Amino acid sequence: MTNAETETDPPGLPAPPPLGASALPPGTYEGRVVLVTGGGTGLGKAIAAEFARLGAELMIVGRTAARLEAARRELTEIAGTRVATAVCDIREPGAVAGAFDVCEADLGSRPDVLVNNAAANFPVPAEELSPNGWRAVVDITLTGTWFMTREFARRHLAARTPGSVVNVGASYAWTGGPGFAHSAAAKAGVKNLVETLAVEWGPYGIQVNGLVPGLMPHEDMTADIRGALARAPLQDARQPALRVGYPRELGWAATFLASPYARFVSGHTLVVDGANWQRRLLVNDPVVPVREQLGRGRFGE
């Protein structure tokens, strides 16, 4: 038996630095305004927090005033930065323009960075996906992202100023997403916008990148996700990293992509999931139809 065979299994990827740490210099975003959609909860709030720690002033938008106000107080306490909010349905171009107007009025500047984090999703067999369900997810995830990005770019183009866009995506934009046909199609569109707009707007100083999170548990996860995790325990062992991610790790990646240190990075989508989306087995498990995974009977019965 070799020494290697007597050693214990590797511990996986090490834990990240503690909350509050940063790879970027203090004050990297001083004098800058960052707008985050869906910034009142979950990963959006975690992303906003990392920009705040680096000196950014924040504009967070969402659909629920109470959540936005709670996030505003929390984010203000983190770094003492100014935080403005706006209730906004990003599916409506007029509401989107209004949110940008609020940002300029309350913070005195158009946003320098836009993080398109807002999205919608729920698990459903494709054959049971209703027209309204399809429209709701695609309109928020893809069309809403487009309306926000378009408004951001038009204001910078008119002012002849540079800017940075970060679109939060999903790895099934590459692989497909059985059980999530609506979201997977929308996220594929979001990824394509990154690649298209980076070329189209690069000459005017606007960089566009994507950011894909892995499993990063947080207090605002939906009941659907919580239920799925409860049905599949031992998540650490299911990741090549042998651990799940921390929301701050997504925030650190976002602050880098939009920073002066990543100016030559554009049209790229960065996956932050410990290589989980690339995992393959030597021999595949038996196929379990989506309906069975979701506890559904035969279609039509």
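For the structure, check the block above.
Residues numbered from 1 in each chain as written. Predicted model: local features only at pLDDT ≥ 70, side-chain atom pairs only at ≥ 80, totals over all residues. Heavy atoms only, no water.

## A short note on helix α3 (residues 65–79)
Moving on, step 1. Compared with the 21 Å implied by 1.5 Å per residue over 15 residues, the 22 Å span of α3 between its first and last C-alpha is a close match.
Moving on, step 2. Restricting attention to buried positions, one finds in α3 the residues Leu68, Ala71 and Leu75. Taken end-on, α3 shows its buried residues confined to a sector of 65°, consistent with a single buried face. Looking at α3, the residues exposed on the side facing more than 90 degrees away from the buried face are Ala66 and Glu77.
Moving on, step 3. Of the residues flanking the end of α3, it is Gly80, one or two places downstream, whose phi is positive at about 70°. (Helix = DSSP H or I, 4+ residues; strand = E, 2+ residues; numbered from the N terminus. Expected span 1.5 Å × (residues − 1). Buried < 20%, exposed > 50% of the residue type's maximum accessible area, 1.4 Å probe, protein only. Arc of directions from axis to C-beta.)

## So, the pairing of strand β3 (residues 83–87)
Moving residue by residue along a regular strand, the side chains alternate between the two faces of the sheet.
Moving on, step 1. Judged from the 5 bridges that link them, strand β2 (residues 57–62) and β3 form a sheet pairing that is parallel. When the sheet's bridge partners are listed, Met59 is paired in β3 with Ala84.
Moving on, step 2. With respect to chirality, the unit in which β2 leads through α3 into the neighbouring parallel β3 is right-handed. (Pairing = 2+ DSSP bridges. Right-handed = clockwise from strand over helix to strand, strands pointing away.)

## What about the packing of helix α2 (residues 42–53) against helix α9 (residues 247–257)?
Moving on, step 1. The geometry of α2 relative to α9 is characterised by a closest axis approach of 8 Å and an angle of 55° between their N-to-C directions. Classified by the angle their axes make, α2 and α9 are oblique. Considering only the axes of α2 and α9, their crossing is right-handed. Between α2 and α9, the residues in contact are Leu43, Ala46, Ile47, Glu50 and Phe51 and Pro247, Arg248, Leu250, Gly251, Trp252, Ala254 and Thr255, respectively. (Axes fitted to C-alpha atoms, helices over the stretch in contact; angles between N-to-C directions. Parallel < 35°, antiparallel > 145°, perpendicular 65-115°, else oblique. Left-handed = near helix turned anticlockwise from the far one by under 90°. Contact = heavy atoms within 4.5 Å.)

## Side note on the environment of Gly210
Moving on, step 1. Following the sequence through the fold, Gly210 ends up in strand β6 (residues 206–213).
Moving on, step 2. Each C-alpha atom, one on Gly210 and one on Ser266, is 8.8 Å from the other, the two residues being 56 residues apart in sequence.
Moving on, step 3. Leaving out residues up to four positions away in the same chain, Gly210 has contacts with Asn167, Val194, Leu257, His268, Thr269 and Leu270.

## Focus: the pattern of salt bridges
Moving on, step 1. Within this structure, the stated rule accounts for 16 salt bridges.
Moving on, step 2. The salt bridge partner of Asp112 is Arg32, with a shortest N-O separation of 3.4 Å. Of this pair, Asp112 sits in the loop between α4 (93–107) and β4 (113–116) while Arg32 sits in the loop between α1 (3–6) and β1 (33–37), and the two are 80 residues apart along the sequence.
Moving on, step 3. Measuring nitrogen to oxygen at the nearest pair gives 2.8 Å for the salt bridge that ties Glu151 to Arg155. Note that Glu151 and Arg155 are positioned in helix α5 (residues 131–159) at a spacing of 4 residues, about one turn of the helix.
Moving on, step 4. For Arg155, a relative accessible area of 16% translates into the label buried.
Moving on, step 5. Bridged by salt links that share partners, the residues Asp101, Glu104, Glu151 and Arg155 form one connected network. (Salt bridge = Lys/Arg side-chain N within 4 Å of Asp/Glu carboxyl O.)

## So, α2
Moving on, step 1. The end-to-end C-alpha separation of α2 is 17 Å, in line with the 16 Å expected for 12 residues at 1.5 Å each.
Moving on, step 2. A large share of α2 lies buried, amounting to 11 of its 12 residues.
Moving on, step 3. When we look at burial in α2, the residues that qualify are Gly42, Leu43, Gly44, Lys45, Ala46, Ile47, Ala48, Ala49, Glu50, Phe51 and Ala52.
Moving on, step 4. Looking one or two residues past α2, Gly55 carries a phi angle of roughly 100°, positive in sign.

## Focus on the side chain of Lys191
Moving on, step 1. Position of Lys191 among the secondary structure elements: in helix α7 (residues 181–201).
Moving on, step 2. If we skip the residues at most four places from it in the chain, Lys191 touches Ala173, Trp174 and Thr269.

## A short note on unusual backbone geometry
Moving on, step 1. A positive phi angle, near 55°, is found at Arg160, a position not held by glycine.
Moving on, step 2. In this fold, Arg160 is placed in the loop between α5 and β5 (163–168).
Moving on, step 3. Residues other than glycine seldom take positive phi values, yet Leu242 does so here, at roughly 60°.
Moving on, step 4. Counting through the fold element by element, Leu242 comes out in the loop between α8 (223–231) and α9.

## Focus on empty space enclosed by the protein
Moving on, step 1. Scanning the entire structure with this criterion turns up 1 cavity of 30 Å³ or more.
Moving on, step 2. Forming the walls of the largest cavity are Asn167, Gly169, Ala170, Ala173, Trp174, Lys187, Val190, Lys191, Val194, Gly210, Val212 and Thr269.
Moving on, step 3. Where the lining of the largest cavity is concerned, the elements lending two or more residues are α6 (172–175), α7 and β6.
Moving on, step 4. The leading source of residues in the lining of the largest cavity is α7, at 4 residues.
Moving on, step 5. Here the lining of the largest cavity is composed, by residue class, of 6 nonpolar, 4 polar and 2 charged. (1 Å grid on protein atoms, 1.4 Å probe; cavity = no way out; pocket = protein on both sides within 12 Å on 5 of 7 lines; lining within 4 Å. Points joined across faces, edges and corners; volume = space filled by probe spheres on them. Nonpolar A, V, L, I, M, F, W, Y, C, P; charged D, E, K, R; others polar.)

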